[in-house]
Amino acid sequence: MSYVVPAEGLTSLSAAELAEKIHSREVTSREVVQAHLDRIAETNDALNSFLHVGAEEALATADAVDKALDAGEKPASALAGVPLALKDLLTTTDAPTTAASKMLEGWISPYDATVTKKLREAGIPILGKTNLDEFAMGSSNENSAYGPVHNPHDLERTPGGSGGGTSAALASGQAPLGIGTDTGGSIRQPAALTNTVGVKPTYGTVSRYGLIAAASSLDQAGPTARTVLDTALLHEVIAGHDEFDATSVNRPVADVVAAAREGAKGDLSGVKVGLIKQFERDGWQPGVMEAYRAAVDQLVAQGAETVEVDCPHFDDALAAYYLIMPCEVSSNLARFDGMRYGLRSGDDGSHSADDVMSISRAEGFGPEVKRRIMLGTYALSVGYYDAYYLQAQRVRTLIAEDFARAFEHVDVLVSPTTPTTAFKLGEKTEDPMEMYNFDLCTLPLNLAGLCGMSVPSGMASDTGLPTGLQIMAPAFQDDRLYKVGAAYEAGRNK
Ligand code: GLN
């Protein structure tokens, strides 16, 4: 039995196609939502991608959209009526938000995340909340307290992480649209492993209000789908300034939809593409490198000019990330103390408040989250702060400078999104360093706060599994991702 998106029927269509059918009243939003709910019912036992399905709520939104359209009203957005899978790291008042942690099991937020609110205003039915690595820490979805997600292309393999639930939902036809979050690659990496598109927007352009924080200076929510245009349409819905997020940037959102439509014409003449020397390594999977080189050749055939660029500090990005990220985690996750909300354990009258906190945290957090809290607390402590945290911050500056230098000469940078195709569940769980190494290509971008996309680049010839081309652009130039991504997609589908 295949779990990849069916060849026909409503669940095989792109979001743009579904929107057109709904808005022209060829089908109702209810029919479209119901088809996806049926697909979820059929496949979720095998995939474990949804932690919570909100059938009633999704159908109620669909009915409201249908009613408005039947009354002759204009659709609330280009995607009104098209359903979506929401990563369970964003708060919702009508469904639990768990962050895939035992710590928040059953917790219902008193408020909607700004992203959630924007989806509702756009008339997008939310099918449910998707599985992830606990508090978005991980690269394979195996750190979820609710079991791993399985890759629809091969059930024994990971769909990537932390956003494995969303990527599996897209790849299997459970949903045409998804929201992910990306701290070091959690949108782009699962996209690459599942033959889907994922975009990490420029830091500060999509509100983090109601996005449960892992590492606040790195986290960014973004759109995912099966086509570049769908991703652009969703990007337009969720981006924009928000007074509830202190790091939100108040400037106009790049016209990503126009860029995707322009790119779809397939012409890349005049576009300069940088190839990062540090991201072409011996030892990476031959099938992945082959797909990458074929992608570059295709960009050139479409008119792009390529230039090799040197980003020497990218070699230190992994070490810097895995200090800065845990440091911020140790601070952000201090709020889960068994007192204010979430799991409380040991409160039987025989323990002190301190003990209740320890017992609750010991029970509520999984091993990877504990590892990062301890690592971060250690690195931030007096006597070690300068040697670790401060040093990592300096490296972060050097990485941002590498990017800035590269973008003096090129419009976008490209690389493989991941060093290999999807690995087997269990293959890397014993060795955290092996797992961390998988993020090599994606995390420099987060350290610099820029924007990036992963777009499908075909099946690797050696494993037969999906590969992704990563495209990176300077801050606030997210439209460049869409132009190049859509052009590449159009060229590949020709
Ligand atoms: N895999 C990386 C990590 O474990 C990135 C996770 C993410 O982007 N949320 O930190």
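Positions within a chain are numbered from 1, following the residues in the order the chain's sequence is written. Only residues with pLDDT of at least 70 get local features here, since the model is predicted, and only at 80 or more are side-chain atom pairs given and counted; chain-wide, interface and lining totals rely on the full set of residues. Computation of side-chain values covers all heavy atoms of the structure but excludes hydrogens and water.

For the overall build of the protein chain, give the residues involved together with the corresponding values.
Elements are defined by DSSP. Helices are runs of H or I of four residues or more, strands are runs of E of two residues or more, and each kind is numbered from the N terminus. Summing up its helical and strand segments, the protein chain has 16 helices and eleven strands in all. Put simply, the radius of gyration uses C-alpha atoms, and a globule should come to 2.2 Å times the residue count raised to 0.38. Relative to the compact-globule value of 23 Å for 494 residues, the protein chain shows a C-alpha radius of gyration of 21 Å, a close match. Reported as C-alpha extents along the three principal axes, the dimensions of the protein chain are approximately 65 × 55 × 45 Å. Partly exposed residues are those whose accessible area sits between 20% and 50% of the maximum for their type, while under 20% is buried and over 50% is exposed, using a 1.4 Å probe and protein chains only. The buried share among the 494 residues of the protein chain stands at 60%. Only heavy atoms matter for contacts: two residues are in contact if any of them lie within 4.5 Å across the pair. Relative to all contacts within the protein chain whose residues are 6 or more apart in sequence, the contacts with residues 24 or more apart total 76%. When the 40 basic and 65 acidic side-chain charges of the protein chain are each reduced to a single mean position, those positions are 3 Å apart. Neither His nor the chain ends contribute to the count of charged residues, in which Lys and Arg are positive and Asp and Glu negative. In this description, the location of a charge corresponds to atom NZ of lysine, CZ of arginine, CG of aspartate or CD of glutamate.

Let's hear about the site of the ligand: which residues, and what values?
Nearness is defined per residue: one heavy atom within 4 Å of the molecule or strand is enough. Near the ligand lie 15 residues; those nearest to it are Thr183, Gly184, Ser186, Tyr321 and Arg372. Between the ligand and the protein, one listed contact pairs an oxygen atom with a side-chain N or O atom of Ser186 at 2.7 Å. Accessibility throughout is a Shrake-Rupley quantity obtained with a 1.4 Å probe, and a residue counts as covered only by protein chains that appear here. When isolated, the ligand has an accessible area of 290 Å², and the protein chains bury 100% of it. With three residues, helix H10 (residues 317–332) is the single largest residue contributor to the shell around the ligand. When its residues are assigned to classes, the shell around the ligand shows five nonpolar, seven polar and three charged. Here a polar contact means two N or O atoms within 3.5 Å. Within protein one must be a hydrogen donor candidate and the other an acceptor candidate, and residues neighboring in sequence count only if both atoms are side-chain atoms. Polar here means any residue outside two lists: the nonpolar Ala, Val, Leu, Ile, Met, Phe, Trp, Tyr, Cys and Pro, and the charged Asp, Glu, Lys and Arg; Gly therefore counts as polar.

Run through the sheet that holds strand S11 (residues 466–473), naming residues and quoting values.
Strands were regarded as paired on the criterion that DSSP finds at least two bridges between them. Overall, mixed pairing links the eleven strands, which are arranged S1-S3-S2-S4-S6-S5-S10-S11-S9-S7-S8 in an open sheet. In this open sheet, the two edge strands, each paired with only one partner strand, are strand S1 (50–53) and strand S8 (305–309). When strand polarity is set aside, the average angle formed by the axes of neighbouring strands in this sheet is 25 degrees. Bridging between strand S4 (residues 177–181) and strand S6 (residues 221–225) involves five bridges; their strand directions are antiparallel. Bridge pairing in S6 places Thr181 opposite Ala221. Axis definition: a line fitted to C-alpha atoms, over the contacting stretch in the case of helices. Angles run 0 to 180 degrees between N-to-C directions. Running at roughly 160 degrees to S4, helix H5 (residues 164–171) makes contact with S1, strand S2 (84–87), strand S3 (126–130), S4 and S6 of the sheet. Of the strands in this sheet, strand S5 (197–200), S6, strand S9 (412–416), strand S10 (451–459) and S11 touch helix H16 (residues 478–493), which is tilted by about 10 degrees from S10.

An account of the packing of aromatic side chains is needed here, citing residue identities and associated values.
Within 6.5 Å between ring centres, the rings of Phe, Tyr and Trp (the latter by its six-membered ring) count as paired, and their orientation is classed by plane angle as stacked under 30 degrees, edge-to-face over 60, tilted in between. Applying the stated rule across the entire model yields 18 aromatic pairs. Arranged with centres 4.7 Å apart and planes meeting at 80 degrees, the rings of Tyr321 and Tyr322 form a pair that is edge-to-face. For the pair formed by Tyr321 and Tyr322, the shared burial category is buried. Through successive ring pairs, a cluster of aromatic residues spans Trp107, Phe135, Phe336, Tyr341 and Phe365. Taking the ring centre of Phe476 as reference, the NZ or CZ of Arg251 above it sits at 4.0 Å. As a reminder, the over-ring test applies to NZ of lysine and CZ of arginine, requiring each to be within 6 Å of the ring centre and within 35 degrees of the ring normal. The ring centre of Phe423 lies 4.7 Å from the NZ or CZ of Lys428, which sits over that ring.

Please set out the pairing of S3 residue by residue, giving values where relevant.
Among the five residues in S3, five count as buried, and that is most of the element. Here S1 pairs with S3 via three bridges, running antiparallel. Paired with Phe50 across the strands is Thr130, a residue of S3. Pairing of S2 with S3 involves four bridges; the strand directions are parallel. Each bridged residue has a counterpart across the sheet, and for Ala85 the counterpart in S3 is Gly128.

Quick one: what's the story with the UniProt feature "active site" (unreviewed entry) in the protein chain, residue by residue and with numbers?
UniProt positions are given in the numbering used here, feature names are shortened, and annotations may be inferred rather than shown by experiment. Taking the numbering used here, the UniProt-annotated feature "active site" (unreviewed entry) corresponds to Lys87, Ser162 and Ser186. Sequence-wise these annotated residues cover 100 residues; spatially they are packed, their C-alpha atoms never more than 10.8 Å apart. In this fold, Ser162 is placed in the loop between S3 and H5. Ser162 has contacts with Lys87, Asn131, Leu132, Asp133, Ala136, Met137, Gly138, Asn141 and Ser186, leaving out every residue within four places of it along the chain. Its location among the elements puts Ser186 in the loop between S4 and helix H6 (188–194). Judged by relative accessible area, Ser186 falls into the buried class, the value being 7%. Not counting residues within four places of it along the chain, the set of residues in contact with Ser186 comprises Lys87, Ala136, Gly138, Gly161, Ser162, Gly163 and Thr181.

Can you explain the UniProt feature "domain: Amidase" (unreviewed entry) in the protein chain? Please cite residues and give values.
When the UniProt feature table is mapped onto this chain, "domain: Amidase" (unreviewed entry) is found at residues 31–481. Annotation note: span residues 31–481, helix share 38%, strand share 13%, distance between end C-alpha atoms 33 Å.

Please provide a residue-by-residue account of the packing of helix H2 (residues 29–47) against helix H3 (residues 55–70), values included.
Viewed as axis vectors pointing N to C, H2 and H3 meet at an angle of 160 degrees, and their least axial separation amounts to 8 Å. Judged by the inter-axis angle, H2 sits roughly antiparallel to H3. The element H2 and its partner H3 pack so that their crossing is right-handed. Contacts between H2 and H3 involve Ser29, Arg30, Val33, Gln34 and Leu37 from the first element and Ala55, Ala58, Leu59, Ala62, Asp63, Val65 and Asp66 from the second. Oblique is the label for any angle not covered by the other classes, which are roughly parallel (under 35 degrees), roughly antiparallel (over 145) and roughly perpendicular (65 to 115). Take the far helix as the reference: if the near one is turned anticlockwise from it by less than a right angle, the crossing is left-handed, and if turned clockwise, right-handed.

Quick one: what's the story with the side chain of Gln220, residue by residue and with numbers?
Structurally, the position occupied by Gln220 is in the loop between S5 and S6. Gln220 gets classed as buried once you look at its relative accessible area, which sits at 0%. Among the polar contacts made by the side chain of Gln220, one reaches the main-chain amide nitrogen of Val206 at a distance of 3.0 Å. Other than its neighbours up to four places away in sequence, Gln220 contacts Gly180, Thr181, Asp182, Ile187, Lys200, Pro201, Thr202, Tyr203, Gly204, Thr205, Val206 and Arg208.

Describe the packing of H10 against helix H12 (residues 367–380), with residues and values.
At a closest axis distance of 7 Å, the pairing of H10 and H12 adopts a crossing angle of 100 degrees. Comparing the axis directions of H10 and H12 gives the class roughly perpendicular. When H10 is examined against H12, the residues Tyr322, Leu323, Met325, Pro326, Cys327, Val329 and Ser330 are found in contact with a partner set consisting of Arg372, Ile373, Leu375, Gly376, Thr377, Ala379 and Leu380.

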